[in-house]
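A structural walkthrough
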Amino acid sequence: MHDLIYRLLMNLGLPVELIFFIWAGLMFVVISLVGQVAVVFMVLMERKVLAWITQRKGPNRVGPWGLLQTVADGVKLLFKEDIMIPGQDKFLFTAAPILFFAPTFVIYALLPFTDKLLGLNLPIGLLLIFALSSLSVVGIVLAGWGSNNKYSLIGGMRSAAQAISYEIPLVLSALGVALAAGTLNLKTIIESQNAGQYGIFSWYWLSILPLSFVIFWSSSIAEVNRSPFDLPEAESELVSGYNTEYTGMKFALFFLAEYASLFGMSVLMVILFFGGYYSPFGGLLLQKWFHINDPILLEFEMATWLIIKTYIFIALAMLIRGTLPRLKPDQLMGFSWKFLIPLSLVNILSIAILKLTWIGTGLKTIQAGPFTFVVPYIVAYGVLAIVLFLILVIFGNIFKRKVISRIQLQQRTV
Amino acid sequence: MENLTLLNQISFWLFAIMMIGGALGVVFHKSIVYSALLLLVTFLSIAGLFVLLNAPFIAAAQILVYGVGLTIVLIFGIMLTGDKPFVDPVGQERPKRYWLIPGVIAFAFMGFLLWSLLSPNYNFTAVNGLFLERVQPSIAETLPGVQAIIADGGVTHIGLLLFSKYLLPFELASVLLLLAMIGAIILSKRQFPEEEAEGEPHVSQDLDGGAMEGKSCCSLNEGNGNLASENFDSEKETLGVH
């Protein structure tokens, strides 16, 4: 189908640049539509899940089982008045939601939903995704600043501090994956996970378990400002933080972009650690079990697997929101700087050591092959990581004690 | 320049105008928040120029590094200035000639760069035959391996260059960053004992281990969590003024 559209455009006799623009635009529209629809149902799903956890019924009036609730909300937000209070910086106040919204949707153009439904297959896709997600923080800070509201400003500042702190473990743990696969191209990362042919056992969540995945998961939850790391929009202390003053469509943009970034991060996690668009049994089921090679059907199967895996992680994020209490700001910072960052450094070191030593035996990239290979590999990885981490902890504690004893000494002399 | 396609030419001029306009705005705008925003425009345009030069890796690194850096600039702007303009030209007496020396140095350096670029001896391939495909396709085709370099975004090539040919500058830059970090830690540590003498309970809390991290702490500056909470306190103070 892709070839068909492409050939059609070529036959119209348009210049190559124009075709590229139309092609990229078409891809972007398709993919962002996927994103929008996903977000609409994610909002509903979140409300239903939270209602289920707190033993309520949740939205059930608009449409069958409340399915159209979010659509109705969206229409309502579209027609709401756009309120600006005096003293607000008009330009920043308007620009902030756009600055927050745009990068999160550009990320969709870089994610391989199937092996062909992919806006841009860049060799540096992974890096660019992190670059874009770091850009959207600027939008939050500007929103806090432009709102002329104390709570918004505190929310914006918190968000900036949080995003800067959790960016580091996020990128470092994804760097482990890049190191293992030997590339920054997302599609190649997926393919090299599937190359093991052992399905779920050859994906990276196992072959570089547990550290990379756990670090990535927790810091990605922090990166998209979700509970228990949702200090920037803590509704009970900041009246929902940086978006307090926003109404109508501007608020809707914030709301949409938050869920869009959760969806994007979940897709990225599936791509990095859970084999992307491949089935958990290795390869594609239609091809493997039913010997169907129709490309369009295979595309559908790939998209289905990716969406299923993604929604599992989204559901887990919602469960976490329903169960865990919010952290305090100092706990939040301490968790990142004192725990996640040392852990991710250790993780990278052990992956690098294993890649240099173990992989000399013939494999180019780290991938779980037969179990005879996997089990000793995981054991070596775990032992190495634990030893390194213990060394860090022991030295850190010795150093800490020294500092504290010196301080106490000074206090006594004072 | 003749070899650029139309699209590349349009993009080049767009990015160039945005870059220079943004840079001028950074200097001339009165509010530091706007200046930071215009700085973002400048950096993004530079990233765009890198993409036009077939260096997407450097472009992404540019966005990543300066996106985060810019957030910090914004925070400083908000914390230091309040809602007044950064420089009040009427009420404040400014030292007049401080701009002269850095201005002269900057223009001298720019002149040197322009001179070396425009001189007929300047040879693109001599600099490094890396990102030339769109600039000079004829040269790029003759260089072996250029297509392969472009195909993976220059990641491999840049990595190899950084750890072989340009190892010394690379390490020097990292030492510079390390120095800045150690300096920051020492500067903040110097006040540390006095603060602790006044507000005593911090240390004992940390000895017991926070709720989340347990005993696993190994950070150099163990007052990090406290620092963060102090930051928030100081925010509230600035807010009170504001």
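This part takes up the overall build of chain B. Helix and strand counts for chain B come out as 12 helices and zero strands. Starting at the N terminus and ending at the C terminus, chain B contains elements arranged as α-α-α-α-α-α-α-α-α-α-α-α. In chain B, which comprises 242 residues, the proportion classed as buried is 28%. Sequence-distant contacts, at least 24 apart, represent 53% of the contacts inside chain B between residues at least 6 apart. Carbon and sulfur atoms provide 71% of the accessible area of chain B, an area that totals close to 15,600 Å².

Turning next to the packing of helix H9 (residues 211-223) of chain A against helix H13 (residues 295-323) of chain A. All names here are of chain A. Where H9 contacts H13, the axes come no closer than 12 Å and their chain directions differ by 65 degrees. Where H9 crosses over H13, the handedness of that crossing is right-handed. For the pair formed by H9 and H13, the contact residues are Phe-213, Trp-217 and Ile-221 on the first element and Phe-313, Leu-316 and Ile-320 on the second. Taken together, the residues that form the contact of H9 with H13 break down as six nonpolar, no polar and no charged.

To continue, consider the pattern of salt bridges. Residues and elements named next belong to chain A. This model, assessed by the stated rule, comprises three salt bridges over all chains. Linking Asp-82 and Lys-250 is a salt bridge whose minimum nitrogen-to-oxygen distance equals 3.2 Å. One end of the pair, Asp-82, is in the loop between helix H3 (69-79) and helix H4 (90-108); the other, Lys-250, is in helix H11 (residues 248-273), and 168 residues separate them in sequence. What makes Asp-82 partly exposed here is its relative accessible area of 43%.

Another aspect to go through is the packing of helix H1 (residues 6-28) of chain B against helix H2 (residues 32-52) of chain B. Residue and element names in this part refer to chain B. At a minimum axis distance of 8 Å, the contact between H1 and H2 shows a crossing angle of 155 degrees. Considered as vectors, H1 and H2 are oriented roughly antiparallel to each other. Regarding H1 and H2, the two cross each other, and that crossing is left-handed. Between H1, through Asn-8, Ser-11, Phe-12, Phe-15, Met-18, Met-19, Gly-22, Ala-23, Gly-25 and Val-26, and H2, the contact on the second element is made entirely by Ser-35, Leu-38, Leu-39, Val-41, Thr-42, Ser-45, Ile-46, Gly-48, Leu-49 and Leu-52. Among the residues forming the contact of H1 with H2, the class breakdown is 12 nonpolar, eight polar and no charged.

This part takes up the side chain of Ser-147 of chain A. Tracing the sequence through the fold places Ser-147 of chain A in the loop between helix H5 (125-146) and helix H6 (150-181). A relative accessible area of 0% places Ser-147 of chain A in the buried class.

Attention now goes to a nonpolar patch on the surface. Residues and elements named next belong to chain A. A cluster of nonpolar side chains, namely Val-37, Phe-41, Trp-65, Leu-67, Leu-68, Val-71, Val-75, Leu-78, Phe-79 and Met-249, defines an oily patch on the protein surface of about 1,000 Å² accessible area. At the level of secondary structure, the elements contributing two or more residues to the nonpolar patch comprise helix H2 (16-53) and H3. Counting residues per element, the nonpolar patch draws most heavily on H3, at four residues. Along the chain, Phe-79 falls in helix H3. Relative accessible area serves as the criterion here: at 70%, Phe-79 is assigned to the exposed category.

This brings us to the nonpolar core. The biggest cluster of nonpolar side chains holds 99 residues, and the ones touching the most others in it are Leu-111, Leu-126, Leu-186, Phe-216, Leu-268, Leu-272 and Phe-273 of chain A. Residues Tyr-166, Leu-211, Met-333 and Leu-388 of chain A belong to the second largest nonpolar core, which totals 22 residues.

In the structure shown here, the tally under the stated rule is 24 aromatic pairs over all chains. Ring centres of Phe-112 of chain B and Trp-115 of chain B lie 6.1 Å apart, and the angle between their planes is 35 degrees; this geometry places the pair in the tilted category. Of the two residues, Phe-112 of chain B and Trp-115 of chain B are both situated in helix H4 (residues 100-118); the distance of three residues between them amounts to about one turn of the helix. Residue class for Phe-112 of chain B comes out partly exposed when judged on its relative accessible area of 45%. Among the aromatic residues, those joined into a cluster by ring pairs are Phe-101, Phe-105, Tyr-108, Phe-113, Phe-263 and Tyr-311 of chain A.

Residues and elements named next belong to chain A. Looking at the secondary structure, you find Ile-85 in the loop between H3 and H4. Given a relative accessible area of 33%, Ile-85 falls into the partly exposed group. As for Ile-85 and Tyr-246, which are separated by 161 residues in sequence, their C-alpha atoms are 10.0 Å apart. When residues no more than four places from it in sequence are discounted, the contact partners of Ile-85 are Ser-147, Asn-148 and Glu-245.

A word on unusual backbone geometry. Unusually for a residue other than glycine, Gln-55 of chain A sits at a positive phi of about 60 degrees. When you line up the elements, Gln-55 of chain A lands in the loop between H2 and H3.

Now for H1 of chain B. All names here are of chain B. A rise of 1.5 Å per residue sets the reference length of H1, with its 23 residues, at 33 Å; its end C-alpha atoms lie 33 Å apart and thus fit the reference within 8%. Burial in H1 covers these residues: Asn-8, Ser-11, Ala-16, Gly-22 and Gly-25. Against the buried residues of H1 lie H2.

Another aspect to go through is the confidence of the model for chain B. Caution is warranted with low-pLDDT regions, since their predicted coordinates should not be read in detail. Residues and elements named next belong to chain B. On average, residues of chain B carry a pLDDT of 67, and 53% of them reach 70 or more. Below pLDDT 50 for its whole length, residues 125-138 participates in 34 contacts with residues either more than four positions away or in separate chains. Below pLDDT 50 for its whole length, residues 195-242 participates in 68 contacts with residues either more than four positions away or in separate chains. Of the two predicted TM-score estimates for the complex, the pTM is 0.76 and the ipTM is 0.76.

Further remarks concern the environment of Phe-281 of chain A. Residue and element names in this part refer to chain A. For Phe-281, the position within the fold is in the loop between H11 and helix H12 (285-288). Judged by relative accessible area, Phe-281 falls into the partly exposed class, the value being 42%. Distance from Phe-281 to Leu-340, taken between C-alpha atoms, is 32 Å for residues 59 residues apart in sequence. Once residues lying within four places of it in the same chain are set aside, the contact partners of Phe-281 are Gly-199, Lys-288, Trp-289 and Trp-305.

Rules and cut-offs
Residues numbered from 1 in each chain as written. Chains lettered and ligands numbered in written order. Predicted model: local features only at pLDDT ≥ 70, side-chain atom pairs only at ≥ 80, totals over all residues. Heavy atoms only, no water. Helix = DSSP H or I, 4+ residues; strand = E, 2+ residues; numbered from the N terminus. Buried < 20%, exposed > 50% of the residue type's maximum accessible area, 1.4 Å probe, protein only. Contact = heavy atoms within 4.5 Å. Areas by Shrake-Rupley, 256 points an atom, 1.4 Å probe, with all protein chains shown as cover. Axes fitted to C-alpha atoms, helices over the stretch in contact; angles between N-to-C directions. Left-handed = near helix turned anticlockwise from the far one by under 90°. Nonpolar A, V, L, I, M, F, W, Y, C, P; charged D, E, K, R; others polar. Salt bridge = Lys/Arg side-chain N within 4 Å of Asp/Glu carboxyl O. Parallel < 35°, antiparallel > 145°, perpendicular 65-115°, else oblique. Patch = residues over 30% accessible without salt bridge, like charges linked within 9 Å, V, L, I, M, F, W, Y side chains within 5 Å. Core = buried A, V, L, I, M, F, W, Y, C linked by side-chain atoms within 4.5 Å. Phe/Tyr/Trp six-rings, centres within 6.5 Å; stacked < 30°, edge-to-face > 60°. Expected span 1.5 Å × (residues − 1). pLDDT = per-residue confidence, 0-100.

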